[in-house]
Amino acid sequence: MQVTADSEVDEKLFDQRRRAQNPLVPAGAFVTAGVLAAGLMTFQHGDSHLGQKLMRARVVAQGVTVALMVQGVTVALMVCTAYYCAQKSANH
């Protein structure tokens, strides 16, 4: 009987985690890819000064995307931990 209760809690935790996903991460990835593509095109056309600026902008966009990912994971863990603790205290 305990195995069933644990699997139900696990399913609910995964549902909570899906709700806490950050929709800004894919947007950040697209921005990063767009800036990268623009930078590569400017290098191809011979404008190395603008290409360097775009590569720096890509690094910033990539850093923001990684920060959003970390923030999303942190929020998901906090939600799951709070949910798990609430369920555990309700059962006792």
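Look above for the structure.
So, how was this worked out
- Residue numbers run consecutively from 1 along every chain, following the written order of its sequence.
- Only residues with pLDDT of at least 70 get local features here, since the model is predicted, and only at 80 or more are side-chain atom pairs given and counted; chain-wide, interface and lining totals rely on the full set of residues.
- Hydrogen atoms and water are omitted, and side-chain values are computed over all heavy atoms in the structure.
- Put simply, a patch holds well-exposed residues, over 30% relative accessible area, that have no salt bridge, with like charges counted together within 9 Å and Val, Leu, Ile, Met, Phe, Trp or Tyr side chains within 5 Å.
- The Shrake-Rupley method, run with a 1.4 Å probe, gives the accessible areas here. Residue values count only the displayed protein chains as cover.
- By convention in these notes, a salt bridge is any Lys or Arg side-chain nitrogen within 4 Å of a carboxyl oxygen on Asp or Glu.
- Only runs of H or I of at least four residues qualify as helices and only runs of E of at least two qualify as strands under DSSP, and these elements are numbered from the N terminus.
- For every residue, the accessible area (1.4 Å probe, protein chains only) is compared with the maximum for its type, and the residue is labelled buried under 20%, exposed over 50%, or partly exposed between those bounds.
- Multiplying 1.5 Å by the helix residue count minus one yields the expected span of that helix.
- Relevant arc is that of directions from the helix axis to the C-beta atoms, nothing else.
- By definition in these notes, contact holds between two residues if any of their heavy atoms fall within 4.5 Å.

A. Fine view of a nonpolar patch on the surface. Residues Leu36, Leu40 and Phe43 make up a contiguous nonpolar surface patch of roughly 240 Å² in combined accessible area. Within the secondary structure, Phe43 is located in helix H2 (residues 24-44). Since its relative accessible area comes to 33%, Phe43 is described here as partly exposed.

B. Quick peek at H2. Its 21 residues give H2 an end-to-end C-alpha distance of 30 Å, which sits within 8% of 30 Å, the value for a rise of 1.5 Å per residue. Gly28, Thr32, Val35, Gly39 and Thr42 are the residues of H2 that are buried. Here the buried residues of H2 occupy an arc of 95° about the axis, which is enough to place them on one side. Seen from the open side of H2, the exposed residues pointing more than 90 degrees away from its buried face are Phe30 and Gln44.

C. Expanded view of the side chain of Thr32. Within the secondary structure layout, Thr32 lies in helix H2. Exposure remark for Thr32: the relative accessible area of 12% places this residue in the buried category. What Thr32 contacts, discounting residues up to four positions off in sequence, is Arg58, Ala61, Gln62 and Thr65.

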